[in-house]
Amino acid sequence: MIAGVCRGLATHLGVSVAAVRAVFVAAAVFGSGAGLLAYLAFWALLPLDPDEDEAAPADPDRPRWIAGALLAGAVGFLALIALGFATVTPYLLPSAIAVIGLALVWGSADEVQRRSWRRDAAGMARGAVDQASVHGRWRVALGAAAVVMAIVGFSISSVGLKTMLQGVATTVLLLVGLFLVAFPWLHERWSDRVQQRIALVRADERAEMAARIHDSVMQTLTLVQKHADDPLRVQQLARTEEHALRDWLYGDTGDAASFSAAVQQAANEVETRHGISIEVVSVGDVAVDSRLEAVLAAAQEAMVNAARHSGANAVQVYCEVDDGGVTVFVRDRGCGFVVKDVASDRVGIRESIDGRMQRAGGTAVIRSGEGEGTEVALRLPMVTS
Amino acid sequence: MKAAAELVVAIIDDHAMVRAGVRTELQGRVREVVEADGVESGIALVRTAKPDVVLLDIHMPDGGGVAVLQACQSELARTAFLALSVSDAAADVIAAVRAGARGYVTKHISGTDLVNAIDRVANGDAVFSPRLAGFVLDAFVGAAAEEDEELDRLSPRETEVMRLLARGYTYKEIASELFLSIKTIETHASAVLRKLQLSNRRELTKWANKRHIG
């Protein structure tokens, strides 16, 4: 009615709003103002509706409001006592503390629970106890301490310390007994829960695997069936799929900035485009700079030439990086050609391979002979800067 | 020295399709092809059929090729093992070589090359795929200078041979490139294989864990 505390509590506990209001009013009238205090405490400490909470950013002024309201409430209450409208009974202080403690625990319990659900859904980021959840646990501990303190205070003031301690001992024994009785059941519940989580993670993995297989393998198989009469196309499909699967299975083909990864990538492109099999072997590695980009481009051009002109169905690429520099060999066992017979205006070799390497400060040597296949050797010395 | 046509070759692979494919490739080029579809049946086959060469799949249930090799240590003198695989973690390939395999080839290898490789291991020589050669270079040459043990580094000639193997050269081509006899090249390759099997360089495991061969 005033701040929606009753409605909120009613929704939370699943009872009617009227009942909650009646309890508060009764507590306010007969409990010497405890209801009023409880109302204020709930308003200050309970979280807002979670949906609202997530939709709108929290009001940054809320803590100040809460402090102000609590202060006003306390002052008003003291005024009531001073004027004689309310009396200080021995029950007032403990009940007030208990109410505040409960508010803390309930509010936080919800929050912690929600957070743990969210964490489950996000794949159980175990161990990642974030700041907020630590904060929440402190609030729970504080609230629980308040409630216990209130009960102890209440008991001592009404039955005396000795009886109270006896009562505590009995209660502890009772709780231990109950726990022992319920232990198998609790344990089962707990392991059930762990099992469920594991099953959930497995199901997720299986779903990802299924999606991957459907997207790639199934699609490719369909395409293979369709192109069964075109061996080149089928080879190309199989190769593309192999690359994709390898990438997925073994992941780290290195980042694209590494030279050996870049050569592999260039080879994959030529394989896919020209339907030829290229094996890349690399020894050592280095980060790609602008000079190495030229070597890469020249190497790729050599692979393309081998794919287009040699007639071989496989190309062997070897790249080695050491302190002296970078060396790349591109070799095929195709028809080969007589090097000096190739017209010097052929852009392919002169510009794309020779020119590129020379501008970068390296060399390109082509060895070929009719029927012997071709090997292009690219060398780029390291510059010590 | 036996010619390829006199050899008994065993295929140990859990995929029926691979066995059928390899059998087709070898048919008529070797004396006899026998098969086993797993680790246990493979070990039994090696002991009963006494093949000259075993083509051994690295990845199989129940321990894979390495388990077969470990059980067949006493057979290594008369039977040569050649690891055959598609794409494996280098650690597995190196484990197979260190357990006694005399070489490693990928399942993509052509029929003729496979017969050559079988012939080579049957005669006690080593078989390096370009990738295995690249691996050896990477693992041995990287920090060779500080190694004292002869087992732990490659001689300049061995390095040269490995480099040409990594470039895709055959033994014959390497021989003519280096002006040496094929027999000498085979000796160098066998020496490198021995180092690969016996060296305790920690780079071997380090590299093996990082890479894929095949």
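Structure's up top.
Read on for an overview of the structure. (Residues numbered from 1 in each chain as written. Chains lettered and ligands numbered in written order. Predicted model: local features only at pLDDT ≥ 70, side-chain atom pairs only at ≥ 80, totals over all residues. Heavy atoms only, no water.)

1. A few points about the overall build of chain B
Next, step 1: Counting secondary structure elements, chain B contains 10 helices and seven strands.
Next, step 2: When each of the 214 residues of chain B is scored for burial, the buried share is 54%.
Next, step 3: Sequence-distant contacts, at least 24 apart, represent 70% of the contacts inside chain B between residues at least 6 apart.
Next, step 4: Of the roughly 9,200 Å² of accessible surface on chain B, a fraction of 52% belongs to carbon and sulfur atoms. (Helix = DSSP H or I, 4+ residues; strand = E, 2+ residues; numbered from the N terminus. Buried < 20%, exposed > 50% of the residue type's maximum accessible area, 1.4 Å probe, protein only. Contact = heavy atoms within 4.5 Å. Areas by Shrake-Rupley, 256 points an atom, 1.4 Å probe, with all protein chains shown as cover.)

2. Thoughts on the nonpolar core
Next, step 1: Within the largest apolar cluster, 57 residues are counted, with the highest numbers of intra-cluster contacts made by Val68(B), Phe81(B), Phe128(B), Val136(B), Met162(B) and Leu196(B).
Next, step 2: Examining the composition of this core, we find that seven residues originate from one element, helix α6 (residues 130–141) of chain B, more than from any other.
Next, step 3: Among the nonpolar cores identified, the runner-up in size contains 36 residues, and Met303(A), Val328(A), Val330(A) and Ile353(A) belong to it. (Core = buried A, V, L, I, M, F, W, Y, C linked by side-chain atoms within 4.5 Å.)

3. Comments concerning the interface of chain B and chain A
Next, step 1: The interface of chain B with chain A comprises 19 residues on the first partner and 18 residues on the second.
Next, step 2: Taken together, the two surfaces of chain B and chain A that pack against each other cover about 1,600 Å², and 40% of this comes from carbon and sulfur.
Next, step 3: At the boundary of chain B with chain A, the tally comes to six salt bridges.
Next, step 4: Measuring nitrogen to oxygen at the nearest pair gives 2.8 Å for the salt bridge that ties Glu173(B) to Arg331(A).
Next, step 5: Counting across the interface, chain B meets chain A through nine residue pairs in polar contact (both at pLDDT 80 or more).
Next, step 6: Those elements that place two or more of their residues in the side of chain B that touches chain A are α6, α7 (156–166) and α8 (171–178) of chain B.
Next, step 7: With five residues, α6(B) is the single largest residue contributor to the side of chain B that touches chain A. (Buried area = accessible area lost by both parts, 1.4 Å probe. Salt bridge = Lys/Arg side-chain N within 4 Å of Asp/Glu carboxyl O. Polar contact = N/O pair within 3.5 Å; in protein donor to acceptor, adjacent residues only side chain to side chain.)

4. Some points on the environment of Leu292(A)
Residues and elements named next belong to chain A.
Next, step 1: Residue position: Leu292 is located in helix α11 (residues 290–310).
Next, step 2: With a relative accessible area of 4%, Leu292 lands in the buried category.
Next, step 3: Separated by 33 residues in sequence, Leu292 and Phe259 place their C-alpha atoms 7.7 Å apart.
Next, step 4: If we skip the residues at most four places from it in the chain, Leu292 touches Phe259, Val286, Ala287, Val326 and Leu380.

5. A look at the pairing of strand β3 (residues 53–57) of chain B
All names here are of chain B.
Next, step 1: When you tally the buried positions in β3, you get five out of five residues, the bulk of the element.
Next, step 2: Pairing analysis gives four bridges linking strand β1 (residues 8–12) to β3, with the strands arranged parallel. Opposite Ile11, over in β3, you have Leu55 as the bridge partner.
Next, step 3: Pairing of β3 with strand β4 (residues 80–85) involves five bridges; the strand directions are parallel. Bridging across to β4, Leu55 finds its partner in Leu82.
Next, step 4: Handedness of the β-α-β unit built from β3, helix α3 (residues 64–71) and β4 comes out right-handed. (Pairing = 2+ DSSP bridges. Right-handed = clockwise from strand over helix to strand, strands pointing away.)

6. Quick word on α11(A)
All names here are of chain A.
Next, step 1: Across its 21 residues, α11 extends 29 Å between first and last C-alpha, which sits within 8% of the 30 Å expected from 1.5 Å per residue.
Next, step 2: A side-chain oxygen of the first residue of α11 lies 3.2 Å from the backbone nitrogen of Arg291; this N-cap is Asp289.
Next, step 3: In the segment just after α11, Gly311 is the residue with positive phi, at about 80 degrees. (Expected span 1.5 Å × (residues − 1).)

7. Here we look at helix α9 (residues 182–198) of chain B
Note on helix geometry: an α-helix contains 3.6 residues per turn, so any two residues three or four positions apart are oriented the same way.
Next, step 1: Relative to the 24 Å expected for 17 residues at 1.5 Å per residue, α9(B) spans 24 Å between its end C-alpha atoms, a close match to the ideal helical length.
Next, step 2: When α9(B) is considered as a whole, its buried residues turn out to be Ile185(B), Glu186(B), His188(B), Ala189(B), Ser190(B), Val192(B), Leu193(B), Lys195(B), Leu196(B) and Gln197(B).

8. Some words on the packing of aromatic side chains
Residue and element names in this part refer to chain A.
Next, step 1: As enumerated under the stated definition, the model contains two aromatic pairs over all chains in all.
Next, step 2: Centroid distance Tyr318 to Phe329: 6.3 Å. Interplanar angle 20 degrees. Geometry classified as stacked. Remark: Phe329 occurs in strand β3 (residues 325–332) and Tyr318 occurs in strand β2 (residues 314–322); sequence separation between them is 11 residues. Like Phe329, Tyr318 is buried. (Phe/Tyr/Trp six-rings, centres within 6.5 Å; stacked < 30°, edge-to-face > 60°.)

9. With respect to the pairing of β1(B)
Successive residues of a regular strand alternate their side chains across the two faces of the sheet.
Residues and elements named next belong to chain B.
Next, step 1: Summarising burial for β1: five of the five residues are buried, a large majority.
Next, step 2: Neither face of β1 is left uncovered, since the one carrying Val8, Ala10 and Ile12 and the one carrying Val9 and Ile11 both have all their residues buried.
Next, step 3: With five bridges joining them, β1 and strand β2 (residues 32–36) adopt parallel strand pairing. Considered in β2, the bridge of Ala10 is made with Val34.
Next, step 4: One crossover worth recording links β1 to the parallel β2 by way of helix α1 (residues 16–26), and it is right-handed.

10. A few points about the side chain of Thr374(A)
Next, step 1: For Thr374(A), the position within the fold is in strand β5 (residues 373–381).
Next, step 2: At a separation of 2.9 Å, a polar atom in the side chain of Thr374(A) contacts the side chain of Ser368(A).

11. As for the environment of Gly168(B)
Next, step 1: Tracing the sequence through the fold places Gly168(B) in the loop between α7 and α8.
Next, step 2: Given a relative accessible area of 16%, Gly168(B) falls into the buried group.
Next, step 3: Considered as a pair, Gly168(B) and Pro130(B) are 38 residues apart in the sequence and their alpha carbons are 5.8 Å apart.
Next, step 4: Once residues lying within four places of it in the same chain are set aside, the contact partners of Gly168(B) are Gln316(A), Arg331(A), Arg333(A), Pro130(B) and Glu173(B).

12. Describing the packing of α1(B) against helix α5 (residues 111–122) of chain B
A packed helix pair is summarised by two numbers, namely the angle formed by the two axes and the spacing between the axes.
Residues and elements named next belong to chain B.
Next, step 1: Remark: α1 packs on α5, axes separated minimally by 9 Å, with the N-to-C direction vectors making an angle of 85 degrees. Between α1 and α5, the crossing angle belongs to the class labelled roughly perpendicular. Across the interface between the two elements, Val22, Glu25 and Leu26 of α1 pack against Gly111, Leu114, Val115 and Ile118 of α5.
Next, step 2: Classifying every residue of the contact of α1 with α5 gives five nonpolar, one polar and one charged. (Axes fitted to C-alpha atoms, helices over the stretch in contact; angles between N-to-C directions. Parallel < 35°, antiparallel > 145°, perpendicular 65-115°, else oblique. Nonpolar A, V, L, I, M, F, W, Y, C, P; charged D, E, K, R; others polar.)

13. With respect to unusual backbone geometry
Residue and element names in this part refer to chain B.
Next, step 1: Positive phi, normally seen in glycine, also occurs at Lys50, with a value near 45 degrees.
Next, step 2: Note on placement: Lys50 falls in the loop between α2 (39–49) and β3.
Next, step 3: Owing to a relative accessible area of 43%, Lys50 belongs among the partly exposed residues under this scheme.
Next, step 4: Of note, the phi angle at Asp62 is positive, near 65 degrees, even though the residue is not glycine.
Next, step 5: Mapping Asp62 onto the fold places it in the loop between β3 and α3.
Next, step 6: Residue classification places Asp62 among the exposed positions, given a relative accessible area of 69%.

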